[in-house]
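So you can see what is in the structure, the chains are spelled out below.
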Amino acid sequence: MAEYKNMFSLIGKSDAEVKERLNQLFDTIFFDEEERFYFDTPCGTMGYMLDTGNIDARTEGMSYGMMMTVQMDRKDLFDKLWLFTVTHMLQRDGKYQGYFAWSVNRDGSHRAEGPAPDGEEYFAMALFFAAARWGDGEAPFDYSVQAREILRHCVHQHEIVPGGQPMWHGENHYIKFVPESPYSDPSYHLPHFYQLFADRANAEDRAFWAKAAAASREYIALSAHPVTGMSPEYAEFDGSPRHMFRKSMDYYSDAYRVVMNIALDHLWMGETEKLDTVAENLQKFFYENTEFGVYGSYMLDGTVHPEPAMHPVAITATLAAGSIASEGPYKKEWLQRLWDTPLRKGVRRYYDNCLYFFSFLMLSGEYKIY
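Because the structure is a prediction, the values reported are computed rather than measured. (Residues numbered from 1 in each chain as written. Predicted model: local features only at pLDDT ≥ 70, side-chain atom pairs only at ≥ 80, totals over all residues. Heavy atoms only, no water.)

Within the protein one finds twelve helices and six strands. Whereas a compact globule of 370 residues would reach a radius of gyration of roughly 21 Å, the protein reaches 19 Å, a difference of no more than 12%. A principal-axis box enclosing the C-alpha atoms of the protein has dimensions of 50 × 45 × 40 Å. By residue count, 62% of the 370 residues in the protein fall in the buried class. Within the protein, contacts between residues at least 6 apart in sequence are counted, and of these 65% link residues at least 24 apart. For the protein, the exposed surface amounts to about 14,000 Å²; the carbon and sulfur share of it is 50%. Looking at charge distribution, the protein has the averaged site of its 35 positive side-chain charges lying 2 Å from that of its 53 negative ones. (Helix = DSSP H or I, 4+ residues; strand = E, 2+ residues; numbered from the N terminus. Rg over C-alpha atoms; globule rule 2.2 N^0.38 Å. Buried < 20%, exposed > 50% of the residue type's maximum accessible area, 1.4 Å probe, protein only. Contact = heavy atoms within 4.5 Å. Areas by Shrake-Rupley, 256 points an atom, 1.4 Å probe, with all protein chains shown as cover. Lys, Arg positive; Asp, Glu negative; His and termini not counted. Charge placed at Lys NZ, Arg CZ, Asp CG, Glu CD.)

Before going further, it helps to examine the packing of aromatic side chains. Using the criterion set out here, one finds 51 aromatic pairs in the structure. Plain terms: the ring middles of Tyr48 and Phe84 are 5.6 Å apart, the flat faces sit at 40° to each other, and that makes the pair tilted. You can see Tyr48 sitting in strand β2 (residues 47–49) and its partner Phe84 sitting in helix α3 (residues 75–88), a full 36 residues away along the chain. Just as Tyr48 is buried, Phe84 falls in that class too. Relative to Tyr367, the ring of Trp268 lies with its centre 5.5 Å away and its plane at 90°, an arrangement referred to as edge-to-face. Of the two residues, Trp268 is situated in helix α8 (residues 257–269) and Tyr367 in the segment after α12 (349–364); the sequence distance between them amounts to 99 residues. For Trp268, a relative accessible area of 4% gives the class buried. Classification of Tyr367 by relative accessible area gives buried; the value is 1%. One cation-aromatic arrangement involves Arg337 over Trp334; the distance from NZ or CZ to the ring centre is 4.7 Å. (Phe/Tyr/Trp six-rings, centres within 6.5 Å; stacked < 30°, edge-to-face > 60°. Lys NZ or Arg CZ within 6 Å of the ring centre and 35° of its normal.)

Let's shift gears to the packing of helix α4 (residues 117–134) against helix α6 (residues 191–200). Where α4 meets α6, the axes come as close as 11 Å, and the angle between the chain directions of the two elements is 55°. Regarding the angle of α4 to α6, the classification is oblique. The handedness of the crossing between α4 and α6 is left-handed. Every residue of α6 that contacts α4 at Glu121, Tyr122, Ala124, Met125, Phe128 and Phe129 is listed here: Phe193, Tyr194, Leu196, Phe197 and Arg200. Of the residues assigned to the contact of α4 with α6, the class counts are nine nonpolar, no polar and two charged. (Axes fitted to C-alpha atoms, helices over the stretch in contact; angles between N-to-C directions. Parallel < 35°, antiparallel > 145°, perpendicular 65-115°, else oblique. Left-handed = near helix turned anticlockwise from the far one by under 90°. Nonpolar A, V, L, I, M, F, W, Y, C, P; charged D, E, K, R; others polar.)

Another aspect to go through is the packing of helix α11 (residues 331–339) against α12. At a minimum axis separation of 12 Å, α11 and α12 run at an interaxial angle of 125°. Looking at the two axes, α11 sits oblique to α12. Read as a crossing pair, α11 and α12 show a hand that is left-handed. Across the interface between the two elements, Leu335, Leu338 and Trp339 of α11 pack against Tyr356, Phe360 and Leu363 of α12. Among the residues making up the contact of α11 with α12, the classes are represented as six nonpolar, no polar and no charged.

The subject of this paragraph is α4. With 18 residues, α4 should reach 26 Å at 1.5 Å per residue; the first-to-last C-alpha distance of 26 Å fits that figure. At the exit of α4 stands Gly135, carrying a positive phi of roughly 85°. (Expected span 1.5 Å × (residues − 1).)

Here is the structure:
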């Protein structure tokens, strides 16, 4: 049974202070006229999360927004996000039928047709939580039905539509970077979600999800450097780095999420020693080898790459989240650093502030299983 507690109490912050700060963060993201990145559509019945650096709505952000709003008990916002997703992103035919186009413009027109599996897994988990908090309604707000259908496609797409590819590998149980790819992204691996899917997915797939949870914990440990704790942004199935999109560094934007995922797995499902060690190693490396808030890009062994970090606030936030899993010497220092760090402002605020919110949410004791 998960034990939800205010981790900021370790640095003297009361439950009331933490809850007030959490509400301020949510209000900034969803309602602040200058710094929000949630927007209603002109008709007012739908809403979207804007990637402010790329000016599009992504399945990543839409599913993040749904998880934020279900955790904060905002059914009104959740339903607007889900209606936009179903209306504009759900693919209704072709090899991607049942998946969601990963990038669309603000008017819902597609920038891309293919899916990104991290969106599907967050959609499914957020929908299951919505069903538990608010109950199923009429389609498309029959949340648990929709969640199970998403997961059915993720595992059985090759059986459902001609030319379709599943999002998980049928033998090693690893999530893929995209359905067609024979490689993965360590930050996509969410064993704590899969363990819950093993109880809530269609009965015939529950054993698959239980195996996926165990496999992902092994993969996260396999792909992380044994000293620095850093994971590659993209990785082969053997855990070795894969360089794509003209990037020659290893530890970059996607990879920041790994320690946040380790923390939530620890919070919900309990200790995994190898993963907790990854969190401790990361906190140690960044505390001892970088200036607070000034980060570069890195090779896995800690060698600094010439390109600076695009999302430095996200690094601070996720390293602080690691304090849930870490018993290392710097867990309090990272908690204090996050408390002292404001939300990012400006063009690149979307990704940093999503990871900031999730990290703060779990550290506050408010990121819960429903």
